[in-house]
Number of protein chains: 2
Amino acid sequence: MTSPALQIALAHHRAWTGKNLETAMTYIADNVVLDAPPGRLAGIHAYREFLVPFAEQFLISAEMIAAFGDDSTALLMYDTETIPAKSAPAAECVTVRGGKIVHNRFIFDRLPFEEFQRRRASDGVR
Amino acid sequence: MTSPALQIALAHHRAWTGKNLETAMTYIADNVVLDAPPGRLAGIHAYREFLVPFAEQFLISAEMIAAFGDDSTALLMYDTETIPAKSAPAAECVTVRGGKIVHNRFIFDRLPFEEFQRRRASDGVR
């Protein structure tokens, strides 16, 4: 594996899916931009707020499907088992500069998570 | 670009996003397996039923974000402008054998499409 961007992306991925969130966040640039399904989030604080609840409350396990990269870009696809959905795959296209992730285009299907929240809300009403 | 799998994946992608569905389907194996957000679909007929309505009814344009591959696997991420959503990105991890796509792991966010159908249904009721 000779892609510097892929090495950073995989180190970040291993850390957060292993629930080592402090380590995971060391790979994220302060001025990171995250384009995720709910919209654009800017800055490391917003990135953390996006990632940590998923990793800590929903994630059971993760398995890499494919990972490629070049000098500045890495593209990952992986599956996750989560509390809301047995299979919740995601893809990330990250841009790395100076050893840190400065941009992440993040794709996943929000529908099972929305349905889970809806079920939880209607359970709370009963 | 030296990845045979990526060449097939990109030829398929260019064809269907260019609305040349007949050409696009020539890159799909008869016994293809498609793991998409709604679940697993098997066979070229089911693949076509999944792809064609999206390409013909919803797709306005597509733009590649990143594409990588090796001998047998290609990983693509692209954005699409669609009628339901101005930005509806997707990722595909395809396995190629004998010049045809035999497996595709397809990720996109179903939520904007579900919301669009819901709006359309409620418009129909008025």
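Residues numbered from 1 in each chain as written. Chains lettered and ligands numbered in written order. Predicted model: local features only at pLDDT ≥ 70, side-chain atom pairs only at ≥ 80, totals over all residues. Heavy atoms only, no water.

The name that an unreviewed UniProt entry assigns to chain A is SnoaL-like domain-containing protein, with the source organism given as Micromonospora cremea.

Asks: Just to check I follow, could you spell out the sheet that holds strand S2 (residues 39–42) of chain A for this structure?
Replies: Across a sheet, paired strands are connected by hydrogen bonds in the backbone, their directions being either parallel or antiparallel. Residues and elements named next belong to chain A. The sheet built from six strands is open, its strands ordered S2-S1-S6-S5-S4-S3 with mixed pairing. For this open sheet the edge positions go to S2 and strand S3 (59–69), each flanked by a neighbour on one side alone. Looking at each pair of strands side by side, their axes are set apart by 20 degrees on average, direction ignored. In terms of strand pairing, strand S5 (residues 90–97) meets strand S6 (residues 100–108) through eight bridges, oriented antiparallel. The residue bridging Ala91 from the neighbouring strand is Ile107, located in S6. Along the sheet face, helix H3 (residues 44–58) touches strand S1 (28–36), S2, S3, strand S4 (73–82), S5 and S6 and points at about 70 degrees away from the line of S1. (Pairing = 2+ DSSP bridges. Helix = DSSP H or I, 4+ residues; strand = E, 2+ residues; numbered from the N terminus. Axes fitted to C-alpha atoms, helices over the stretch in contact; angles between N-to-C directions. Contact = heavy atoms within 4.5 Å.)

Asks: Help me out: how do you make sense of the relation of the copies chain B and chain A in this one?
Replies: Each copy of the chain is related to the other by a rotation around an axis and a translation along that axis. If you rotate chain B by 180 degrees and push it 0.0 Å along the axis, it lands on chain A with an RMSD of 0.0 Å. These values place the two chain copies in the arrangement generated by a two-fold rotation axis. Every residue of chain B has its C-alpha some distance from the rotation axis, and the shortest such distance is that of B:Asp109, at 1.9 Å. Residue by residue, 100% of the interface of chain B is reproduced at the interface of chain A, so both copies engage with the same surface. (Least-squares fit on C-alpha atoms with pLDDT ≥ 70 in both.)

Asks: Please explain the interface of chain B and chain A as it appears in this structure.
Replies: Interface size is often expressed as the accessible area that is lost when the parts come together. Taken together, the 28 residues of chain B in the interface contact 28 residues of chain A. Here chain B packs against chain A, burying approximately 2100 Å² in sum over the two surfaces, 72% of which is carbon and sulfur. Here A:Arg105 ties to B:Asp79 by a salt bridge, and the two come within 3.4 Å at their closest N and O atoms. Taken together, the connections running from chain B to chain A amount to six residue pairs in polar contact (both at pLDDT 80 or more). Among the elements of the structure, strand S3 (59–69), strand S4 (73–82), strand S5 (90–97), strand S6 (100–108) and helix H4 (111–125) of chain B are those that each provide at least two residues to the side of chain B that touches chain A. Broken down by class, the residue content of the side of chain B that touches chain A amounts to 16 nonpolar, three polar and nine charged. (Buried area = accessible area lost by both parts, 1.4 Å probe. Salt bridge = Lys/Arg side-chain N within 4 Å of Asp/Glu carboxyl O. Polar contact = N/O pair within 3.5 Å; in protein donor to acceptor, adjacent residues only side chain to side chain. Nonpolar A, V, L, I, M, F, W, Y, C, P; charged D, E, K, R; others polar.)

Asks: Which parts of the structure should I look at to understand the pairing of S4(B)?
Replies: Working note: regular strand, side chains alternate between the two faces of the sheet. All names here are of chain B. In terms of burial, S4 is a largely internal element, nine of the ten residues being buried. Sheet topology places S3 next to S4; nine bridges connect them, and they run antiparallel. Note that in S4 the partner of Phe68 across the bridge is Leu75. Hairpin remark: S3 followed by S4, antiparallel, with three residues in the connecting loop. (Buried < 20%, exposed > 50% of the residue type's maximum accessible area, 1.4 Å probe, protein only.)

Asks: Which parts of the structure should I look at to understand the sheet that holds S6(B)?
Replies: All names here are of chain B. One open sheet holds the six strands; their spatial order is S2-S1-S6-S5-S4-S3, and the pairing between them is mixed. A single partner strand is all that each edge strand has here, and the edge strands are strand S2 (39–42) and S3. Within the sheet, the average angular offset between the axes of one strand and its neighbour, ignoring direction, is 20 degrees. Examined bridge by bridge, strand S1 (residues 28–36) and S6 share four bridges and lie parallel to one another. Paired with Leu34 across the strands is Asn104, a residue of S6. Across the sheet, helix H3 (residues 44–58) lies against S1, S2, S3, S4, S5 and S6, angled at about 70 degrees from S1, the strand it touches most.

Asks: It is not clear to me how the pattern of salt bridges should be interpreted in this structure. Could you clarify?
Replies: Pairs may arise between side chains of opposite charge once their charged atoms sit close together. Following the criterion strictly, the structure yields 14 salt bridges over all chains and no others. In this structure, A:Lys86 engages A:Glu81 in a salt bridge whose closest nitrogen and oxygen atoms are separated by 3.4 Å. Residue A:Glu81 is classed as partly exposed on the basis of its relative accessible area of 27%. Through salt bridges that share partners, A:Glu114, A:Arg118, B:Glu114 and B:Arg118 make up one connected network.

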